[in-house]
Amino acid sequence: MAATVTNIDERATWDAAAEASAEAQEQAKHNVDAIRVRCKEARRYTTLRQVPLDFIELAKLGQDVAEKLATIDTLKEKRKGLNAQIKDLKDEIDEGAVELRTGKGERELQVVEYHDEDAQHVYLVRLDTEEVIEDRTMTGAERQGHLDYGAQSATEEDDLDEELEEDGDAEPEQEDEVDDDPDDDDLDD
């Protein structure tokens with residue numbers, strides 16, 4: 001019932017304002033008629049002036065402002081996404097510029113690590129170009145044999161060489177994952 005009273009009160013306010021506006025327009029028209037009678041010359045043109053708005057104009061203006069505020073909020077959200085995209089692109093440009101300047105870039109490579117026990121050196125060799133890309137002195141752990149490279153490394157190297165010969169210039173396939181669960185039965189047996 002309170003909503004009905006509010007609506008009735010609002011309607012009465014709107015009606016009173018419209019009635020007052022109509023009376024003001026009638027009074028202004030009467031004044032204009034008196035001016036026309038007294039003046040012999042007149043010219044017509046358009047000008048911008050501050051005038052009081054009626055309730056319909058105010059309601060429409062309020063709705064327009066609310067819609068524009070909602071549009072601004074939507075655009076701000078889009079701008080956040082665009083700013084993030086711009087930042088990502090700038091980062092990619094910076095990375096590319098460094099590679100252009102230096103002529104070098106990071107890439108994943110297939111390599112073989114050789115341990116020369118006599119020279120106490122470790123060599124890292126690219127499989128695709130057969131280039132030594134790292135030559136370093138063995139660490140203390142490597143010298144003490146904590147890392148078991150021995151026969152296993154030679155076997156892996158032979159397997160890689162065979163794969164390269166069979167596939168031509170193709171990179172060797174990734175090794176299968178090691179089965180960590182000894183309780184699982186092999187299906188191939």
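Residue positions are counted from 1 within each chain, in the order its sequence is given. Thresholds applied to this predicted model are a pLDDT of at least 70 for local features of residues and 80 or more for the giving and counting of side-chain atom pairs; totals over whole chains, interfaces and linings are not thresholded and use all residues. With hydrogens and water stripped out, all remaining heavy atoms of the structure feed into the side-chain values.

Draft legend 1. Summary view of the overall build of the protein. What the protein contains, in helices and strands, is four helices and three strands. Ordered by position from N to C terminus, the α and β elements of the protein give α-α-β-β-β-α-α. Here the term buried applies to any residue with accessible area under 20% of the maximum for its type, exposed to any over 50%, and partly exposed to those in between, with areas from a 1.4 Å probe on protein chains only. Within the span of the protein, comprising 189 residues, buried residues form 7% of the whole. Across the protein, every contact between residues at least 6 apart in sequence was considered, and the portion connecting residues at least 24 apart equals 21%. Numbering goes from the N terminus for both helices and strands, where a helix is a DSSP run of H or I of at least four residues and a strand is a run of E of at least two. Should any heavy atoms of two residues lie within 4.5 Å, those residues are counted as being in contact.

Draft legend 2. Layout of the pairing of strand E2 (residues 121–126). Of the pairings in the sheet, the one linking strand E1 (residues 111–116) to E2 comprises six bridges and is antiparallel in character. When the sheet's bridge partners are listed, tyrosine 114 is paired in E2 with tyrosine 123. If you look at the hairpin formed by E1 and E2, you'll find four residues sitting between the two strands, and glutamine 120 has a positive phi there, around 60°. Here, any two strands with at least 2 DSSP bridges between them count as paired. The loop that links E2 with its antiparallel partner strand E3 (residues 132–137) comprises five residues; one of these, glutamate 130, has a positive phi angle of about 60°.

Draft legend 3. Expanded view of helix H2 (residues 55–102). For H2, spanning 48 residues, the distance from its first C-alpha to its last is 69 Å, which sits close to the expected 70 Å at 1.5 Å a residue. Of the residues trailing H2, glycine 103 is marked for its positive phi of about 75°. Expected helix span is given by 1.5 Å per residue-to-residue step, counting one fewer step than there are residues.

Draft legend 4. Structural detail: a nonpolar patch on the surface. A cluster of nonpolar side chains, contributed by Val51, Leu53, Phe55, Leu58, Leu61, Val65, Leu69 and Ile72, occupies part of the molecular surface with about 680 Å² of accessible area. Within the secondary structure, valine 51 sits in the loop between helix H1 (2–38) and H2. Two distance rules govern patches: like charges are joined within 9 Å, and nonpolar side chains (Val, Leu, Ile, Met, Phe, Trp, Tyr) within 5 Å, applied only to residues with over 30% relative accessible area and no salt bridge. The accessible surface values rely on the Shrake-Rupley method and a 1.4 Å probe; as for residues, cover is taken only from the protein chains in view. Salt bridge, as applied in this entry: a Lys or Arg side-chain nitrogen positioned within 4 Å of an Asp or Glu carboxyl oxygen.

Draft legend 5. Structural view of a negative patch on the surface. Charge convention: Lys and Arg are scored as positive, Asp and Glu as negative, and His as well as the terminal groups of each chain are ignored. The atom standing in for a charge is NZ when the residue is Lys, CZ when it is Arg, CG when it is Asp and CD when it is Glu. Together, Asp88, Glu92, Asp94 and Glu95 make up a negatively charged patch on the protein surface. Tracing the chain through its elements places aspartate 88 in helix H2. Under the relative-accessibility criterion, aspartate 88 is labelled partly exposed at 44%.

Draft legend 6. Main features of the sheet that holds E1. In spatial order, the strands read E1-E2-E3; together these three strands make up an open sheet with antiparallel pairing. Each edge of the open sheet carries a strand with a single partner, namely E1 and E3. When strand polarity is set aside, the average angle formed by the axes of neighbouring strands in this sheet is 15°. Alignment of E2 against E3, held across five bridges, turns out to be antiparallel. In the strand pairing of E3, leucine 124 is matched with glutamate 134. Each axis is a line fitted through C-alpha atoms, and for a helix only the stretch in contact is used; angles between axes span 0 to 180 degrees, taken between their N-to-C directions.

Draft legend 7. Here's a closer look at the environment of threonine 137. In this fold, threonine 137 is placed in strand E3. Each C-alpha atom of the pair threonine 137 and tyrosine 123 lies 8.9 Å from the other, and the pair is 14 residues apart in sequence. Contacts of threonine 137, omitting those with residues within four sequence positions, involve Gln120, His121 and Arg143.

Draft legend 8. Structural context of unusual backbone geometry. Phi at glutamine 120 takes a positive value of approximately 60°, unusual for a residue other than glycine. Assignment of secondary structure puts glutamine 120 in the loop between E1 and E2. The class of glutamine 120 is partly exposed, set by a relative accessible area of 26%. Unusually for a residue other than glycine, glutamate 130 sits at a positive phi of about 60°.

Function cannot be read off these values alone, since they describe shape.
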